[in-house]
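If you want the building blocks of each chain, they are given just below.
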Amino acid sequence: MSALSLCTAAHALPAATSPLARDFAYCAGRLSAEAQHREDQSLNELKHAMQELLAAVIAPDEAAAYEELRLAGHVAQSELLALSRFSFDQGEADRATQLAQDNIRHCRAMLLGA
């Protein structure tokens, strides 16, 4: 299994029951990684908006399960960003770059005005 496929396999994490909440949690993590990587405050604000959406659709006792997904999203996006920057295989680097961009585009589309 390649490193690129490992980055997408994390999306299959269990525990959370709401597909929308799973997307919010995963995107909050992805946006967090992207904001950290780029040192971009506007991405950090989008991450906070995504976390607010998540909090609005889950019960407080479900927060831990969704936190695991948020962390998985952060790790997956960080791995893609690392591959895009440091891979010796240019094709893999290009695919990682494209997937990272697609993921952030998907997350931005979930937020009005982003």
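Heads up: the structure comes first, above all this text.
Being a predicted model, the structure only gives us computed values, none of them experimental.

A separate point is the environment of Glu67. In this fold, Glu67 is placed in helix H4 (residues 63–86). Sequence separation of Glu67 and Ala28 is 39 residues, and the distance between their C-alpha atoms is 9.6 Å.

On to the state of the cysteines, then. Counting across every chain of the model gives 1 disulfide. Sulfur-sulfur distance for the disulfide between Cys27 and Cys107 comes to 2.1 Å. An S-S torsion of about -85° defines the bridge between Cys27 and Cys107 as left-handed. In this pair, Cys27 is assigned in helix H2 (residues 19–38) and Cys107 in helix H5 (residues 90–109), connecting sequence segments 80 residues apart. As far as the burial class goes, Cys27 and Cys107 line up, both buried.

Viewed as axis vectors pointing N to C, H2 and helix H3 (residues 41–57) meet at an angle of 160°, and their least axial separation amounts to 8 Å. Classed by the angle they form, the pair H2 and H3 counts as roughly antiparallel. The element H2 and its partner H3 pack so that their crossing is left-handed. From H2, Ala21, Phe24, Ala25, Cys27, Ala28, Leu31, Ser32, Glu34, Ala35 and Arg38 reach across to H3, where they touch Leu43, Asn44, Leu46, Lys47, Met50, Gln51, Leu53, Leu54 and Val57. Of the residues contributing to the contact of H2 with H3, the split by class is 13 nonpolar, 3 polar and 3 charged.

So, how was this worked out
Residues numbered from 1 in each chain as written. Predicted model: local features only at pLDDT ≥ 70, side-chain atom pairs only at ≥ 80, totals over all residues. Heavy atoms only, no water. Helix = DSSP H or I, 4+ residues; strand = E, 2+ residues; numbered from the N terminus. Disulfide = S-S within 2.5 Å. Buried < 20%, exposed > 50% of the residue type's maximum accessible area, 1.4 Å probe, protein only. Axes fitted to C-alpha atoms, helices over the stretch in contact; angles between N-to-C directions. Parallel < 35°, antiparallel > 145°, perpendicular 65-115°, else oblique. Left-handed = near helix turned anticlockwise from the far one by under 90°. Contact = heavy atoms within 4.5 Å. Nonpolar A, V, L, I, M, F, W, Y, C, P; charged D, E, K, R; others polar.

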